[in-house]
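A look at the structure
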Amino acid sequence: MATRKTFEKAIIAKCKNPNLNANGYFSTNAENLLEGIDVSLFEKDLTSGSGNELQRKFNAIYSSAALAVNNFSIVKKEPSTFHYLGYSNFDECEFERKFPTELRGTAPNLDFTIENNEVVIAFEAKYLEITTKKKVKFAKSYNKEKLDYLDDFWFDIIDKYKDSRSYLDVAQLIKHAIGLINYKRKYPTKKIILTYIYWLPENYKAFSNFVMHQNELLAFENDLKENKDLKFISTTYTEFWKTYENENSIFKAHFDKVKKRYKVEI
């Protein structure tokens, strides 16, 4: 089975940028950005996030944070004219936004969030993370006593998945969902959409890592259809870009540049 290192090396090999070192790192954040993206669009958000993304890992050619920034910076720049899932006129956009669950500890960051008076659409974005299995871990505090605002559905889901191992980061997605549900308590009329967006190489079916991730995601989506608190959807970056292919807009032009950089066969 191919390891994450296999895919990192393949992506490094396909990049012809002379500023990239042998390990796949640029020397500055700016070098990993698409033309036209200003650091000011995301620097404050990523600096205030708990992942320390700008310290070094953002500079990797295979950085998930850099992919998310390259993809969504145009939305941060033009929120009022962006549209997605039938919604538009967004007035809040943020990278690395936290939605606390009311438990102790640091809430996980959502990669990108857009919001208006109708809806919150929160994106959890993945690149090569999905090529490696992770253990599904929950602290003991994830219980009915501590999280009494949650429907029993969520504790059943936690019990179903905890201590298992999967390519899909199930624990992270459930924790995001719980934080978003807590946020909805303050704004009960708002719809909540948790969107899982992830990268695939064009020939992903040749690698069992990606295939197994797809199967796990399908099963998880089916499980979450039963919840009454939020909508969970998934999309590949390629599917996301296709949404704007038939437009004559700044978004089509931008996503075409993102696609040129990230759409590859390994």
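Relevant structure appears above.
This section reports on the structure supplied with the text. The structure displayed is predicted, hence computed values, not measured ones.

Quick look at the sheet that holds strand β6 (residues 191-198)
The strand order across the open sheet formed by five strands is β1-β2-β3-β6-β7, and the pairing between neighbours is mixed. Each edge of the open sheet is held by one strand with a lone partner, namely β1 (92-98) and β7 (231-236). Recorded for the sheet is a direction-independent mean angle of 25° between the axes of neighbouring strands. Alignment of β1 against strand β2 (residues 109-115), held across six bridges, turns out to be antiparallel. The partner of Cys93 across the bridge, within β2, is Ile114. Seen against the sheet, helix α3 (residues 64-77) touches β1, β2, β3 (119-126) and β6 and runs at an angle of roughly 160° to β1. Across the sheet, helix α6 (residues 208-224) is in contact with β6 and β7; its angle to β7 comes to roughly 160°.

Here's the deal with the packing of aromatic side chains
Any aromatic ring pair is given by two values, namely how distant the centres are and how the planes are angled relative to each other. Overall, the coordinates contain 31 aromatic pairs when judged by the stated rule. When the ring of Phe95 is compared with that of Phe112, the centres are 4.7 Å apart and the planes differ by 45°; the resulting orientation is tilted. Separated by 17 residues along the polypeptide, Phe95 in strand β1 and Phe112 in strand β2 bring together distant segments of the chain. Judged by relative accessible area, which is 1%, Phe95 ranks as buried. Judged by relative accessible area, Phe112 falls into the buried class, the value being 0%. With centroids separated by 5.5 Å and ring planes inclined at 55°, the aromatic side chains of Phe240 and Tyr244 adopt a geometry described as tilted. Like Tyr244, Phe240 is buried. One Lys or Arg, Arg97, reaches over the ring of Tyr183 and ends 5.2 Å from the middle of that ring. The lysine or arginine in question, Lys190, covers the ring of Tyr187, its NZ or CZ lying 5.1 Å from the ring centre.

Definitions and cut-offs
- Residues numbered from 1 in each chain as written.
- Predicted model: local features only at pLDDT ≥ 70, side-chain atom pairs only at ≥ 80, totals over all residues.
- Heavy atoms only, no water.
- Pairing = 2+ DSSP bridges.
- Helix = DSSP H or I, 4+ residues; strand = E, 2+ residues; numbered from the N terminus.
- Axes fitted to C-alpha atoms, helices over the stretch in contact; angles between N-to-C directions.
- Contact = heavy atoms within 4.5 Å.
- Phe/Tyr/Trp six-rings, centres within 6.5 Å; stacked < 30°, edge-to-face > 60°.
- Buried < 20%, exposed > 50% of the residue type's maximum accessible area, 1.4 Å probe, protein only.
- Lys NZ or Arg CZ within 6 Å of the ring centre and 35° of its normal.

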